[in-house]
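If you want the building blocks of each chain, they are given just below.
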Amino acid sequence: MQLSPSTVVVAAGRPARAQGAPVNPPVVLSSTYVSQGIQQPGELLYARMDTETWHPFEAVLAALEGAAQPAVVFSSGMAAIAAVFAFVPVGGTVVVPRHAYQATLGFADDLAKRADVRVVRVDVADTEQVVAALDGASLVLLESPTNPMLEVADLPALLAAARERGVLSAVDNTFATPLGQQPLAHGADLVVHSVTKYLAGHSDVVLGAVVASTDDLAQRVRSHRTTHGAVPGPFEVWLALRGLRTLALRVERSQTSAAELARRLAQHPKVVEVRHPSLPDDPGHDRAARLMIGFGSILGVRPVGGAAGADAVVAAVRLWVPATSLGGVESCLERRRRYPTESPTVPEDLLRLSVGIEDVEDLWRDLDQALRAIR
Ligand SMILES: *Cc1c(COP(=O)(O)O)cnc(C)c1O
């Protein structure tokens, strides 16, 4: 039976149905398994290599992303990104977005110094610019929508161009979630997630994952995890599976609220600019409408009064949590340029808002009073 993704998050990755069987998979805490002689295929040996509590989560994520083999869960999103960067040879070239997750860009810069890797930063919304950068590259790692500017890439065009040139492609799908877009269907070789965000969804675990388009790539990612040791604990993966069960409900709610807040904020007297692909005049709107299901739950908001105005909003909110991170049930916000490492092309006054699942009117009232607090 062909199931819709919102059913898959609930129904996949369950123990086999048998009288008296548990409905949820058990957490198995064991670092080693009884074994002697030659290991047979599928036999567990040692928990850094593989452990059964990972399997249900890896199966559900693979089903959501449309992969034929299990996802590979990692101890963090950055561990997953490190596994993708491991495909870049010494002296190779990697193409990354100019606006992207900070630690991803930092990692690429580190490779540039350590492994003589050339890093090319591109505006992912500019298809010609990205395609021109692909010649001679080893890897292109895309985000769409980007952090924190919410630029939307023409993923099918970029991924096809990468494939034609033999460039390995990866998409960080953290912002959109597999319910918003499936990069493998658009031609990506690899998909990366910070499971910490929407997939786990409750701001209580740090976890990552890679989903590969072929068994060969999946084996290589798995082998990287084993040798580099970036393995998650069974409890964290079990919690992430528990969070994943409500992904469809959470994403539906937070996306609807995000679009409503974007619409209202765009008319607010204390707001200069709002970025959200749901807005008809947003630069990413047409592309997102064509390529994504929904527009995501992250907003970029520039209040009046520059950086001081933005800081005043963060200081005045009572319900919204002033915190980094995103994708949790609770709404949070931060001014991105408070980090000296944030790209200077991100406006000083840009607030990144992660819309959670609270009542939208409560979220609006709190934002409105905080914006009015700007002098
Ligand atoms: C948070 C995040 C990461 C890093 O994930 P961690 O789980 O914090 O290691 C990577 N990419 C994006 C888009 C993120 O939001």
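Residues numbered from 1 in each chain as written. Predicted model: local features only at pLDDT ≥ 70, side-chain atom pairs only at ≥ 80, totals over all residues. Heavy atoms only, no water.

Scanning the protein from terminus to terminus reveals 13 helices and twelve strands. Taken over the C-alpha trace, the protein has a radius of gyration of 21 Å; the compact-globule value for 375 residues is 21 Å, and the two agree within 12%. Its C-alpha atoms give the protein principal-axis dimensions of roughly 75 × 55 × 35 Å. A burial count over the protein gives 55% of its 375 residues as buried. Taking as baseline every contact in the protein between residues at least 6 positions apart, the subset at least 24 positions apart corresponds to 69%. Carbon and sulfur atoms make up 55% of the accessible area of the protein, which amounts to about 16,100 Å² in all. Separation between the mean location of the 34 positive side-chain charges and that of the 40 negative ones in the protein comes to 3 Å. (Helix = DSSP H or I, 4+ residues; strand = E, 2+ residues; numbered from the N terminus. Rg over C-alpha atoms; globule rule 2.2 N^0.38 Å. Buried < 20%, exposed > 50% of the residue type's maximum accessible area, 1.4 Å probe, protein only. Contact = heavy atoms within 4.5 Å. Areas by Shrake-Rupley, 256 points an atom, 1.4 Å probe, with all protein chains shown as cover. Lys, Arg positive; Asp, Glu negative; His and termini not counted. Charge placed at Lys NZ, Arg CZ, Asp CG, Glu CD.)

Another point: the domain arrangement of the protein. Segmentation of the protein into domains returns domain 1 (5-244) and domain 2 (247-372). The C-alpha centroid of domain 2 is placed 26 Å from the C-alpha centroid of domain 1. Facing 36 residues of domain 1, the contacting portion of domain 2 comprises 34 residues. Interface area for domain 1 against domain 2, summed over the two sides, is near 2,900 Å², with a carbon-plus-sulfur share of 59%. For the pair domain 1 and domain 2, the interface holds 14 residue pairs in polar contact (both at pLDDT 80 or more). (Domains from an automatic or database assignment. Buried area = accessible area lost by both parts, 1.4 Å probe. Polar contact = N/O pair within 3.5 Å; in protein donor to acceptor, adjacent residues only side chain to side chain.)

Taking strand neighbours across the sheet as the criterion, the seven strands line up as 1-7-6-5-4-2-3 in an open arrangement whose pairing is mixed. The outermost strands of the open sheet, each flanked by one partner alone, are strand 1 (72-74) and strand 3 (118-122). With direction set aside, neighbouring strand axes in the sheet form an average angle of 20°. Note: strand 6 (residues 190-194) against strand 7 (residues 208-212), five bridges, orientation antiparallel. Across the sheet, residue serine 194 finds its bridge partner in strand 7, namely glycine 208. Across the sheet, helix 3 (residues 77-85) touches strand 1, strand 2 (93-97), strand 4 (139-143), strand 5 (168-172), strand 6 and strand 7, and the angle it forms with strand 6 is around 155°. (Pairing = 2+ DSSP bridges. Axes fitted to C-alpha atoms, helices over the stretch in contact; angles between N-to-C directions.)

This part is about the pattern of salt bridges. One pass over the structure, following the stated rule, counts 26 salt bridges. With a closest N to O distance of 2.8 Å, arginine 263 and glutamate 260 form a salt bridge. Taken together, the residues arginine 263 and glutamate 260, both in helix 10 (residues 247-265) and three residues apart, mark about one turn of the helix. The class of arginine 263 is partly exposed, set by a relative accessible area of 42%. We classify glutamate 260 as partly exposed; its relative accessible area is 22%. Shared partners join several salt bridges into a network, and the residues in it are Glu334, Arg336, Arg338, Glu342 and Arg352. (Salt bridge = Lys/Arg side-chain N within 4 Å of Asp/Glu carboxyl O.)

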